[in-house]
Structure formats: structure tokens, C-alpha cells
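Topology and contacts: notes
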Amino acid sequence: MKTRSLLTGLALALLASTSAHAGDVRIMWYSDGVEGEVMKDLVGRFMKENPGINVILDNVAYSVIKEQLPVQLEAGNGPDIARVTAIKELSKHWLDLRPLVKDAKYWDDNFGLQADWMRPDGSNQISGFMTQITLTGGYANKTLFDQAGVPIPGPKATWEDWAAASKKVQESQQVPFAMAIDRSGHRITAPLLSYGANYIGSDGKPAPLDKGARDYLTKFVGWAEDGTVSKDVWVSAAGSTYRAAADDFINGQLAFYYSGSWQVANLATKIGNNFDWVAVGSPCGPAACTGMPGGAALVAVKYTKNQKDVAVVMDWFAQEKIVKEFSERTLFLPGHKGVVDKGGLDFKSDNAQAKTALNVFVDSTKTTSEAALKLPGWRWSDTVYAAIVTRIGQTLAGEMKIDDAFTRIDSDIAQKVKDAGR
Amino acid sequence: MTTPSLSSLIMAPINAVMRIIDAPLRRLQKATGIGGMAAFFLAPNMLIFGIFVLLPLVINFVYSMTGGTAFFLSERDFIGGAQYSRLFECQNYLDPMSCQEDAFWTAVGNTFWFVVLQVSLMILTALITALILNRELAARSFWRAVFFFPVLLSPVVVGLIWKWILQRQGLLNFGLYQFGMDPYTWLTDRDWTFAATIGVSIWAHMGFYALIILAGLQAIPKDLYEAAEMDGTRPARVFWRITLPLLAPNLLVVVVLALIKSVQVFDEIYVLTGGGPGTSTLFLTQYIYETGFASALRNPGLAAAASILMGTVLVVLTLIQLGIGKRGENKGKR
């Protein structure tokens, strides 16, 4: 009798755990700033409103999203939902939410502008939505500029103007470097486009590096050699590994730092009152004054065994009021058309510099070039970015000449295209 | 009535099982002979070895014969030895830039120099450390623990600790600054960074090898040293004629293990330098990892081919060393 009771108890426990498992939705999430905390809070609220669904938020490093998630997805595994940046490259792994969400038209109307960025070419799939729209842009250490008596270059200033002004500040204030750009193909693409570069060939595949790209890269390497641009961040890794120069800016070691809008919260939190800083948009080149758009998307993974619950979670987080709250609390630019059109975002920050910076980035979206807008949805973007970062990194480390780097970049990209076509 | 002892309680179920399997095993031995019984008892181990070592090796080899970016074998095209040809396509193997896969040959060159320098320096320091720790020292156990402690650290922790020490605004530069010296960018200078990877790797692993050598030193009969002392033999001669020959088996184990570990170097160096500056600390395992998993449009076939080549080199090196060891043993017997 005792054994039978024990077995019955075990069976019931097993059933209970199975049913709990059926309602689990696992989200793989990474954070640049405070969004992990905000998301944790929102997940808590979601579960209170939807007691049948247990959302598990796995906070991971960005490198896990970049390097391990693609492997999991290729093997047909992975979380139910993920926050990713390689949204086009991995689009074949995303779940089509169109038949699952409450109101597909709401999704089309509000997230339609970026829908192509995250779905396979030629489909009308709803894969998810952008948790933030980002735009690359520069930050100046205003205190250093003021102390050096160098005026901060104006909105139409060129990359050369910024290099010259930052160099003066560097020499006057004895900081290690005048400027730094994150070790990232996405970041360095912005000035390349401003110099007239075009990555996309007439057949939709990568074109060889053109004059615009070569001109800026030659200038960039020259600036690194004369100490204007920090080469530390670019030589600090091999291959296409991402490295941000944010810490150097936060530590007051840089006059000008080129990164993007996602750094606003990070800078506001970590710099505090140590010095004054301003966002300055993207410097100009001969062809444009563009930044590179991008961002992170929350996407549903098609290997989920829990499609209905995943759609409920996605619908909840895509609500206008939730997107607005998320953006206001994280200081991210929203990717929801309704929220953008209505305006009136009240960014939750006591830091006036952060609020001003966000407005600068909102303004900068107006000067984003057509070429820049195409790249987030182009299949080969990451391939081009990786080749540029790898070879320019080697050039700055003294391993090759810039002309050899150009040849290698073209051949690396051609080889990748060939590999992908096998 | 006597109470059963704890050991008899533990042995009871084992004995019961033995009684059950005794008869079938006897029949099996009768049928297969002693050789068959050896195979029977080895089978479970071989099964695990086969599933977790041999099978992945075979699958890896199959991958190396396929192309494309897909992970599933069914979605990959068979391309024969094209990945190997690509790795070997080179005008001058000593100039990686003349090779199609320049990163691979750079990694081969870096790994070669790393192995030569790291293994030789590490064995030397491990030997010296073990000789010192084998002497009558005050707080000997404490010192043994101190030298062994880094072995217990996770490689990521080792990498991070040394990064904090060596980076531009790190502890070392802070110290130099306090002494009025100019700070230096240790991790952006190619030569210093390479030296740092060797130093950090020795610091992290030396304790383990020192422990093996120490065990060997303690196994050498004391009377040999006493006899040498009575004969008035000089300490250097004692070392070369007694200590080193009797340590040879332990040193061989240390060399084999250190060499394999050194060729496979990855984690702490990846955290410390990321393979930079440029590709000056890019080692083979990182090349394989990045090619197969971390780069845009991964190439698992090329990564598999590189890992097969690396595995082959390791097997050859191990066989050479074991051969040398065997020859030494045979000489000793004669």
C-alpha cells in the first residue's frame, strides 16, 4: 500500500512538472546597459497577468548571442525567443508569427518598416520586432574640449575636422588618444558610406571595395599610425572579434568616441558627473553625413515546442504601451511606428546629457543615407564587416600594408560567397 | 545473535550479484578462453571510448570532406579533399601571407613557437620548483600549495587576472607609474604580448607538472644520495647522474602532457589577448574555433580539416616521444 502511494505521488509530481514545462517560454537576452533589469521587471509583470505561462529570462553575454546561439539554431535547438543583432543572417531560424499573433495588421503597421531586416528574402513573415533602433554616432568629451579651448565641431563637420580638433585636444590635455572607433565592421561602415562606399553589387552580392571605402580606410590607418585614432582597441583581438572603446571614453582617455545610440545609458550611468559629454551625430564625408542604422530584435525561434505561448509573450511585449515604457526606461530609440509618430517619449533619466544625446540621435536619423538603410536587411553585411575588421586590424598591427589589406578583404569576401554557395 | 559488521552489509549485495553472474561467466570463459574474457571486460570501456572519441573523430573527418556553411551533414556537399587543398595552397609556407588560408599558417607558426618556448621553459621552471620544494624548507607544504594554486583556477579567471595586470591602465603600469616610469602597452606590442602568453601559460600550469616531478623525486631511493654523499660526489654530478636519469619516466610523462596541452592552448590566451595584436597570438585552436563557430558564414568543413591536421601532428609527436621513452627503457634493461 505504502509503495503504491509513493508511486502515485511520484507520477503526480511528474505530471505536474511536465505541465509546468509545457508553459515555459525561455528568452535568451543580452544587455548593453540597463535593459536586462527593465526586462526582468516586465517579465515579472507579464507572468502576473498570464499565470499559465512561465517565462524564463536567460541573461547572457553578447558573445553568447553572437557565437553560440547560431550554432544552437543550426542544430535545431535554442531558446524560444531571443534578442539578437544578426537578424537577417539567421532569419531562416525565426518562427513566422503571422498566423499566431492576435492582430497581424497591428504588427505590419507598427513594425513593418524593419520587418524585412529579420525575415527571409521574399517572404511576408512576422519574425519579431526591434527592441531598439540604433544609429551609430559620435560622442565628444566636452570637458576636455572646453579645457583645451577647442570649439566642438558643428553638425556639418567632416571626419577630417573632427580628427584635427580632437588631435588638438589630445595634445593640449595629454590624453592617450584623440579619437576611437569601436572594433566593429558595422561602426566603421558609417564613415565608409559617408565617403561614398557601396558594398552591394549589381547582382545583389558583395561588390569589391570601391574608391569611397578605400579612401576612408586609408585615412583611418594613417590616423592610427600618427596616434590620432586609438589602435589599441583594433589590435586587441584577431579575426572579427568585437571590441568597444567605451571604457576609454568613460575613463576620460578620449576626446571623441564613435559608437552608437545604445551607449547613451552606459555613458550616463558610468560617467555620472565626472565630466561633461555630448552626442554629436555622425561626421560628414564627401558623399554623406550618415550613421549606420541597426538594432536588436526580439525574435521567436521556430524550433520552439510552445508556439502559442511564444506568440502570447511576443504580443504582450509588442504592445505600444510596453514598447514605450521599455524605451523610456532603457533610453533606447523605439522601433514602433506608433510610439515614434505620437512622440512625447519621456526618457527616464535624471541625466540631462543623456536626454540631449537621445534627441541628437533622433535628429541624426534624418541624415541616414539610402545605402545605410539597405545594409541591415542585406544578407552579406556581416560577411563584409568581418572581412574589413579582420584585415584592417592586421594592418594596424603592422602585419600587412593597406593595399594588401584591400586585396585580402575582396578575396575573403569572394571566398565566403563561394563557400555559402556550395 | 551477532550483529553483522558494516563491511559485510556492504558486501552482501555485491556477493549476491557475483553468485548470480558467476555461472554464466564461467560458461563464457569456457567458450571464449581468457582472451575473450579480456575483451568482454574491456567492451564497456571501449564502447564509451568509441562513442565519445572514435565516433566524433570519424564524423569530424567526414565533415572535413564537405563544403558549405550548413551544420547538418545531410545539408552539406561532399567535396573530397578540397578543404585540405585549400589549407595547403601556399607559395611559401614560411610566409603565411603567400597562402590562401594565411590565418591558418600564421596560427601554425605561432603555435609552433609557443610550443617550443612554453614547453621547454615550463619544464625547466617546473623542474627547478620541484627540486626546491623537495628540500627541507620552512613551511614546505605552504609553498607547495602556493605553486599549485594557479592550477585550480579556471582558465577564464587566469586570463582576466592577467588582463587586469597587463592592460594599458592595469596593475603593472600603475606600479611602473608609482616608480616614476612610463607606462607601456604590453598587450598591443606583438613581442611583449607573445611573451606574456608564454608567461601566463607557465604560471597557470607549472604547478601541476612540478607536482608530478616532485612525486618522481620523492620516489628516488634516499640511499643513492647517501652513497653519493659518502663518495664525496659533487651536487651537480649527483643531479646529472642520479636525479635526472631516475626522473626520466616522470619527465617523459610531463613532456607528453605539456606538449599536448600546449598545442591545444586556447581559453586563457583567448581571454587575455583575443589572438591579437593582429594575429600575433592566434593559435591553432582559436583558428579552428573561429573558422567553425565564430566567424560570419562559418565553415565547419575547413575547421574540421584543420583539426584533423592538428590531431595528426599531436599523434605523431606523442608516438615519437613514446618511442624515445621505450628506447630508453630498453637501454636500461640491457
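Under an unreviewed UniProt entry, chain B has the name ABC transporter permease subunit and belongs to Endobacterium cereale. Turning to chain B, the UniProt record has this under Subcellular location (unreviewed entry): "Cell membrane". Taken from UniProt, the Sequence similarities (unreviewed entry) comment for chain B reads in full: "Belongs to the binding-protein-dependent transport system permease family."

In the annotation of an unreviewed UniProt entry, the entry for chain A reads Extracellular solute-binding protein, and the organism field reads Endobacterium cereale. Comment text from UniProt for chain A, heading Subcellular location (unreviewed entry), reads "Periplasm". You can read under Sequence similarities (unreviewed entry) in the UniProt record for chain A the words "Belongs to the bacterial solute-binding protein 1 family."

Now for the packing of aromatic side chains. One pass over the structure, following the stated rule, counts 45 aromatic pairs over all chains. When the centroid spacing of 5.1 Å and the interplanar angle of 35° are considered together, the rings of Phe111 of chain A and Phe129 of chain A count as tilted. Taken together, the residues Phe111 of chain A in helix 4 (residues 104–111) and Phe129 of chain A in strand 4 (residues 128–141) connect sequence positions 18 residues apart. The residues Phe111 of chain A and Phe129 of chain A share a single accessibility class, namely buried. Taking 5.4 Å as the distance between ring centres and 70° as the angle between the ring planes, the aromatic pair formed by Phe40 of chain B and Phe41 of chain B counts as edge-to-face. According to the relative accessible area criterion, Phe40 of chain B is partly exposed, its value standing at 41%. An aromatic cluster of three or more residues is present, and its members are Phe145, Trp159, Trp162, Tyr195, Tyr216, Phe220, Trp223, Trp234, Phe256 and Tyr258 of chain A. One residue, Arg379 of chain A, lies across the ring of Trp380 of chain A, its end atom 4.4 Å from the ring centre.

Turning our eyes to something else, we now look at the domain arrangement of chain B. Residue and element names in this part refer to chain B. For chain B, the domain assignment lists domain 1 (6–64) and domain 2 (83–333). Centre-to-centre separation of domain 1 and domain 2, based on C-alpha positions: 37 Å. Between domain 1 and domain 2, the residue contacts involve five residues of the former and eight residues of the latter. When the buried surface of domain 1 facing domain 2 is broken down by residue, Asn60, Tyr63 and Ser64 rank first, second and third, together holding 81% of it. The interface formed by domain 1 and domain 2 contains zero salt bridges. At the junction of domain 1 and domain 2, the tally comes to two residue pairs in polar contact (both at pLDDT 80 or more).

Let's shift gears to the UniProt feature "transmembrane region" (unreviewed entry) in chain B. When the UniProt feature table is mapped to this numbering, "transmembrane region" (unreviewed entry) covers residues 37–63, 112–133, 145–165, 192–217, 238–260 and 302–324 of chain B. Secondary structure across residues 302–324 of chain B comprises 100% helix and 0% strand; the distance between its end C-alpha atoms is 33 Å.

What follows covers the domain arrangement of chain A. Residue and element names in this part refer to chain A. Structurally, chain A comprises domain 1 (23–133 + 294–342) and domain 2 (135–293 + 359–420). Each of domain 1 and domain 2 was reduced to a C-alpha centroid, and the two centroids are 28 Å apart. Buried surface at the junction of domain 1 and domain 2, both sides included, amounts to about 1300 Å², of which 65% is carbon and sulfur. It is Trp117, Gly294 and Leu333 in domain 1 that bury the most area against domain 2; as a group they hold 34% of the surface buried on that side. One can count zero residue pairs in polar contact (both at pLDDT 80 or more) joining domain 1 with domain 2. Those elements giving two or more residues to the side of domain 1 that touches domain 2 turn out to be helix 3 (62–74) and strand 4. Of the residues assigned to the side of domain 1 that touches domain 2, the class counts are seven nonpolar, three polar and five charged.

On to the UniProt feature "domain: ABC transmembrane type-1" (unreviewed entry) in chain B, then. In the numbering adopted here, UniProt assigns the feature "domain: ABC transmembrane type-1" (unreviewed entry) to residues 108–321 of chain B. Helix makes up 78% of residues 108–321 of chain B and strand 0%. Its end C-alpha atoms lie 20 Å apart.

Attention now goes to the packing of helix 4 (residues 140–152) of chain B against helix 7 (residues 190–219) of chain B. Helix packing geometry: the angle between the two helix axes and the distance between the axes. Residue and element names in this part refer to chain B. As a packed pair, helix 4 and helix 7 sit with axes 6 Å apart at the nearest point and diverge in direction by 130°. Between helix 4 and helix 7, the angle is such that the two are oblique. Note that helix 4 runs across helix 7; the crossing there is left-handed. Residue-level contacts link Arg144, Phe147, Phe148, Pro150 and Val151 of helix 4 to Trp203, Ala204, His205, Met206, Gly207, Phe208, Leu211, Leu214 and Gln218 of helix 7. Looking at side-chain class alone, the contact of helix 4 with helix 7 contains ten nonpolar, three polar and one charged residues.

Residues and elements named next belong to chain A. Enumeration over the complete set of coordinates arrives at 30 salt bridges over all chains. Close ionic contact of Lys92 with Glu74 constitutes a salt bridge, the shortest N to O distance being 3.6 Å. Here the residue Lys92 occupies a position in the loop between strand 3 (81–84) and helix 4, and Glu74 occupies one in helix 3, the gap between them amounting to 18 residues. Residue classification places Glu74 among the buried positions, given a relative accessible area of 8%. By sharing partners, the salt bridges in this structure join Asp41, Arg45, Glu325 and Arg329 into a single network.

With that settled, consider the environment of Ala304 of chain B. Residue and element names in this part refer to chain B. Checked against the element boundaries, Ala304 lands in helix 12 (residues 300–333). Assessed through its relative accessible area of 3%, Ala304 is described here as buried. When the C-alpha positions of Ala304 and Phe61 are compared, they lie 6.7 Å apart, and in sequence the two are 243 residues distant. For Ala304, the residues in contact, after removing those within four places along its chain, are Asn60, Tyr63 and Ser64.

As a further point, take empty space enclosed by the protein. This model, assessed by the stated rule, comprises five cavities of 30 Å³ or more. By volume, the largest cavity amounts to about 870 Å³. Surrounding the largest cavity, 42 residues form its lining, Tyr62, Lys66, Thr85, Ala86 and Asp382 of chain A being those nearest its centre. Sorting the residues of the lining of the largest cavity by element identifies helix 3, strand 4, helix 7 (185–194), strand 8 (293–300) and helix 17 (381–396) of chain A together with helix 11 (284–294) of chain B as the ones contributing at least two each. The biggest single contributor to the lining of the largest cavity is helix 17 of chain A, with five residues. Lining of the second largest cavity is provided by Trp29, Met39, Leu42, Phe129, Thr131, Leu298, Phe317, Ile322, Val323 and Phe326 of chain A. Among the elements of the structure, helix 2 (35–49), strand 4 and helix 13 (320–330) of chain A are those that each provide at least two residues to the lining of the second largest cavity. Looking at the lining of the second largest cavity residue by residue, the class counts come to nine nonpolar, one polar and no charged.

Rules and cut-offs
- Residues numbered from 1 in each chain as written.
- Chains lettered and ligands numbered in written order.
- Predicted model: local features only at pLDDT ≥ 70, side-chain atom pairs only at ≥ 80, totals over all residues.
- Heavy atoms only, no water.
- UniProt positions renumbered as here; feature names shortened; annotations may be inferred.
- Phe/Tyr/Trp six-rings, centres within 6.5 Å; stacked < 30°, edge-to-face > 60°.
- Helix = DSSP H or I, 4+ residues; strand = E, 2+ residues; numbered from the N terminus.
- Buried < 20%, exposed > 50% of the residue type's maximum accessible area, 1.4 Å probe, protein only.
- Lys NZ or Arg CZ within 6 Å of the ring centre and 35° of its normal.
- Domains from an automatic or database assignment.
- Contact = heavy atoms within 4.5 Å.
- Buried area = accessible area lost by both parts, 1.4 Å probe.
- Salt bridge = Lys/Arg side-chain N within 4 Å of Asp/Glu carboxyl O.
- Polar contact = N/O pair within 3.5 Å; in protein donor to acceptor, adjacent residues only side chain to side chain.
- Nonpolar A, V, L, I, M, F, W, Y, C, P; charged D, E, K, R; others polar.
- Axes fitted to C-alpha atoms, helices over the stretch in contact; angles between N-to-C directions.
- Parallel < 35°, antiparallel > 145°, perpendicular 65-115°, else oblique.
- Left-handed = near helix turned anticlockwise from the far one by under 90°.
- 1 Å grid on protein atoms, 1.4 Å probe; cavity = no way out; pocket = protein on both sides within 12 Å on 5 of 7 lines; lining within 4 Å.
- Points joined across faces, edges and corners; volume = space filled by probe spheres on them.

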